[in-house]
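# Architecture at a glance
Take a look at the letters that make up each chain.
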Amino acid sequence: MHRAWFVAAVTFVTIIGAAAFRSVPGLLIDPLHDEFDWSRGTISAAVSVNLALYGLTAPFAAALMDRFGIRRVVAVALTVIALGSGLTVWMTAAWQLMLCWGLLVGLGSGSMALAFAATVTNRWFTERRGLVTGILTAASASGQLIFLPLLSWIVERHDWRPAAVTVALAALAVVPFVWLLLRDHPADVGLKPYGATEFVPKPAPVPGAARRAVTVLFSAARTGPFWLLAGTFAICGASTNGLIQTHFVPAAHAHGMPLTTAASLLAVIGVFDVVGTIASGWFTDRFEARRLLAVYYSLRGVSLLFLPLLLVTPSVQPPMIFFIVFYGLDWVATVPPTLALCREQYGEDSAIVFGWVLASHQVGAALVAFLGGVARDTFGSYDVVWYASGALCAVAALMALVIRRRPVGVATAA
């Protein structure tokens, strides 16, 4: 077996370890509200900062990986995640929640966001890129599958602080795997990338990582496809991380569903997300990415319009199970075709461009995470947010079809 598959496996495990924190926000909104009497809008604002930094850090992380190597950047990022999560145990004020949960964990998780998966895929694979992208994207959902039931049980039985410590330990546990087993480039071990016909020498470190990330942004921003990709991915983030991942559990709990049951449903979404994302990677290798995106966003929008009707009862009925399966298959199935379009349009700069597109994803998620909390405080329910997100998905489907197929050259920073 080619060494690239072992690198992909280590990357998969690393993203799972970092995904522990992605499972926490929805579980802690009600406990923090009850203990500190903070409004849900205030708590959601910290989630919003975290999600925004998660996205805005990604393009700089891709450039930093080019400059300092994947191992160093990811090891430091995991340590920062552990530090931020661990410090929340001693917080007593809302600004400390913003600092630990928002700033530190946002910066750490953003430094190893999907740009990490894109960088590994671009360096180690020339064939099966769509499939590998799908597998690595599914790692985040796999982490959700592993940690959501565990963390919800801890919160319900032992309060939220042991859950925060569990997240910190999960991030630290992955650091040795990264340092000992991950390699920056196939040339480091004298190999060709998987599927390559000739040896590819390791490129020299690229200085000026921040300048390069900004330069690539300015170059890409002069092209129409960038804004269409960024717009569709912003809606993707709004309708997944910002909406369902942050507010599904408290919304279901507000209707009488036990916390562990609601968290388990969210974890089941993660199960089918793994299937859907890997399948999407397979489809992306064979079908036109624009049309795949249009189908994915259309189906997601329809499912969200029915969700308010499914939350009226505290018990889990067959229609709710159908929603969980259907929505789960579509959760981040948009990532492989979006990354494929970035690669088609922007070539060697595609990882950094995708980092900026991912930033728009998280800005959309941050906005809806905050507005969802405000809507809950204002209207007493999340219904208006479900309906608005469903309508936005229809807009994203139309935007995806407008993206031009002709590759657009983007100037590479000197």
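Right above here is the structure, for reference.
This write-up is about the structure you can find in this document. Every value quoted in this text rests on a predicted model; they were computed, and no experiment measured them. All residue numbers here refer to positions counted from 1 along the written sequence of the relevant chain. Residues qualify for local features only when their pLDDT is at least 70, as the model is predicted, and side-chain atom pairs are given and counted only at 80 or more; totals for whole chains, interfaces and linings, by contrast, use all residues. To obtain the side-chain values, all non-hydrogen atoms of the structure were used and water was disregarded.

### Side note on the overall build of the chain
Short version of the rule: Each helix is a run of H or I in the DSSP string that is no shorter than four residues. Each strand is a run of E no shorter than two, and both are numbered from the N terminus. Contact definition: two residues touch when any of their heavy atoms are within 4.5 Å. The accessible surface values rely on the Shrake-Rupley method and a 1.4 Å probe; as for residues, cover is taken only from the protein chains in view. Asp and Glu count as negative and Lys and Arg as positive, but His and the ends of the chain are not part of the count. Taken as the charge location is NZ of Lys, CZ of Arg, CG of Asp or CD of Glu.
Helix and strand counts for the chain come out as 18 helices and zero strands. Overall, the C-alpha framework of the chain stretches about 60 × 45 × 40 Å when taken along its three principal axes. Of the contacts made within the chain by residues no fewer than 6 positions apart, 84% connect residues no fewer than 24 positions apart. As displayed, the chain offers around 15700 Å² of accessible surface, 70% of which is attributable to carbon and sulfur atoms. Each charge class in the chain can be summarised by its mean position, and for the 26 positive and 20 negative side chains these summaries are 10 Å apart.

### Comments concerning the pattern of salt bridges
Test applied: The salt bridge criterion pairs a side-chain nitrogen of Lys or Arg with a carboxyl oxygen of Asp or Glu, the two atoms within 4 Å. Between buried and exposed lies partly exposed: a residue is buried under 20% and exposed over 50% of the maximum accessible area for its type, with that area taken using a 1.4 Å probe on protein chains only.
A complete count under the given rule lists four salt bridges for this structure. A salt bridge links Glu35 to Arg161, with the nearest nitrogen and oxygen atoms 2.7 Å apart. One end of the pair, Glu35, is in helix H2 (residues 25-36); the other, Arg161, is in helix H9 (residues 161-181), with 126 residues separating them in the sequence. For Glu35, a relative accessible area of 35% translates into the label partly exposed. Classification of Arg161 by relative accessible area gives partly exposed; the value is 23%. The salt bridge partner of Asp159 is Arg161, with a shortest N-O separation of 3.4 Å. Beyond isolated ion pairs, a larger network of salt bridges with shared partners links Glu35, Asp159 and Arg161.

### Re the nonpolar core
Stated precisely, the cut-off is as follows: In these notes, a set of buried Ala, Val, Leu, Ile, Met, Phe, Trp, Tyr and Cys residues joined through side-chain atoms within 4.5 Å is what counts as a nonpolar core.
Residues Leu32, Leu78, Trp101, Phe116, Ile244, Phe248 and Met320 are the most contacted members of the largest nonpolar core, which totals 127 residues. For Leu32, the residues in contact, after removing those within four places along its chain, are Asp37, Trp38, Ile43, Met91, Leu97, Trp101 and Trp160.

### A few points about empty space enclosed by the protein
Under the convention used in this document: Cavity: a set of points on a 1 Å grid over the protein atoms alone where a 1.4 Å probe fits but cannot get out. Pocket: an open set with protein on both sides within 12 Å along at least five of seven lines, its lining residues, like those of a cavity, having an atom within 4 Å of a point. Grid points are joined across faces, edges and corners, and a volume is the space filled by probe spheres set on the points. Residues are grouped as follows: nonpolar covers Ala, Val, Leu, Ile, Met, Phe, Trp, Tyr, Cys and Pro; charged covers Asp, Glu, Lys and Arg; every other residue, Gly included, is treated as polar.
Taken as a whole and judged by the stated rule, the model has four cavities of 30 Å³ or more. Its boundaries defined by the atoms lining it, the second largest cavity holds a volume of some 60 Å³. Here the lining of the second largest cavity is composed, by residue class, of seven nonpolar, two polar and no charged.

### Description of the packing of aromatic side chains
Put simply, the test is: Between rings of Phe, Tyr and Trp, where Trp is taken as its six-membered ring, a pair exists when centres lie within 6.5 Å; planes separated by under 30 degrees are stacked, by over 60 edge-to-face, and by other angles tilted. By the criterion adopted, a ring carries a charge over it if an Arg CZ or a Lys NZ lies within 6 Å of its centre and within 35 degrees of its normal.
In the structure shown here, the tally under the stated rule is 12 aromatic pairs. Centre to centre, the rings of Trp5 and Phe125 are 5.0 Å apart; their planes meet at 70°, and the pair counts as edge-to-face. Of this pair, Trp5 sits in helix H1 (residues 3-18) while Phe125 sits in the loop between helix H7 (114-124) and helix H8 (129-158), and the two are 120 residues apart along the sequence. Relative accessible area serves as the criterion here: at 24%, Trp5 is assigned to the partly exposed category. Here Phe125 falls in the buried class, since its relative accessible area comes to 0%. Taken together, the ring pairs connect Trp5, Phe125 and Tyr194 into an aromatic cluster. For the cation-ring pair, Arg71 lies above Trp179, with the distance from its terminal atom to the ring centre recorded as 4.7 Å.

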